[in-house]
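# Summary of the model geometry
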Amino acid sequence: SLADPGQKAEYQSHFSTWISLDEADQLAKHLRHQIEDGSCDPEILLRALNANLHLLPAYRINAAIDAIEAAQRNVPLKVMPEVCFRRAELLTHQHRYAEALSIAQKGLTVCPNDNLNLMAVLESTLGEIFASLHDWEPALEHLNRSASLAVATGNREILISASSRKISALANSDHVVE
């Protein structure tokens, strides 16, 4: 939550139709307790988030991710790479690139080597973050890896996303295509 009451009020006024910061904090605490006492399965919570991202306000998504991270000792390790992806995605949308970069890198580190789709998504996310920071070389490296992983898995959606991000990064950089 935000420490500065003025900043908190400003954010709440912009998102008041969604959920207040206090309500988001309460939701995070409630979900964390449910995860810890076993009445909420973090994998099911994450699947529900993923299935309804377009319907949920950012604060609610953030609250659920906060709860999963806070209850980490009760969360299977296999869930954490996707939690990192969602968190990095939220931070990127908030232009908090340094934090997003750290979280996405952590997600890639803990991602199982056999989950090529999630690795491709994390690589693409890292590419997008580096591009947002105008750091073109690592952006292109991550986007290339993402596209390669997408080709290996046959996942056209990830391939198209990585390729379009790569084209955008190339258009904005001084990088010469050989």
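Up top is the structure.
I will try to describe carefully the structure that is included in this document.

## What to know about the overall build of the protein
- Regarding its fold elements, the protein presents nine helices and zero strands.
- In the protein, the succession of α and β elements from N to C terminus is α-α-α-α-α-α-α-α-α.
- Going through the 178 residues of the protein one by one, you find that 38% of them count as buried.
- By sequence separation, contacts in the protein at least 24 residues apart represent 54% of the contacts at least 6 residues apart.

## With respect to unusual backbone geometry
- Residues other than glycine seldom take positive phi values, yet His-95 does so here, at roughly 60 degrees.
- Along the chain, His-95 turns up in the loop between helix 5 (80-93) and helix 6 (97-110).
- Residue classification places His-95 among the exposed residues on the basis of a relative accessible area of 57%.
- A positive phi angle, near 60 degrees, is found at His-134, a position not held by glycine.
- The exposed category is assigned to His-134, whose relative accessible area is 57%.

## Thoughts on helix 9 (residues 156-172)
- The terminal C-alpha atoms of helix 9, which comprises 17 residues, lie 24 Å apart, in line with the 24 Å expected from a rise of 1.5 Å per residue.
- Buried within helix 9 we find Ile-158, Ala-162 and Ala-169. End-on view of helix 9: buried residues confined to an arc of 25 degrees, all on one side of the axis. Those residues of helix 9 that are exposed and aimed more than 90 degrees away from the buried face are Arg-156, Glu-157, Ile-160, Ile-167 and Ala-171.
- Buried residues along helix 9 sit against helix 7 (116-132) and helix 8 (136-153).

Criteria and cut-off values
- Residues numbered from 1 in each chain as written.
- Predicted model: local features only at pLDDT ≥ 70, side-chain atom pairs only at ≥ 80, totals over all residues.
- Heavy atoms only, no water.
- Helix = DSSP H or I, 4+ residues; strand = E, 2+ residues; numbered from the N terminus.
- Buried < 20%, exposed > 50% of the residue type's maximum accessible area, 1.4 Å probe, protein only.
- Contact = heavy atoms within 4.5 Å.
- Expected span 1.5 Å × (residues − 1).
- Arc of directions from axis to C-beta.

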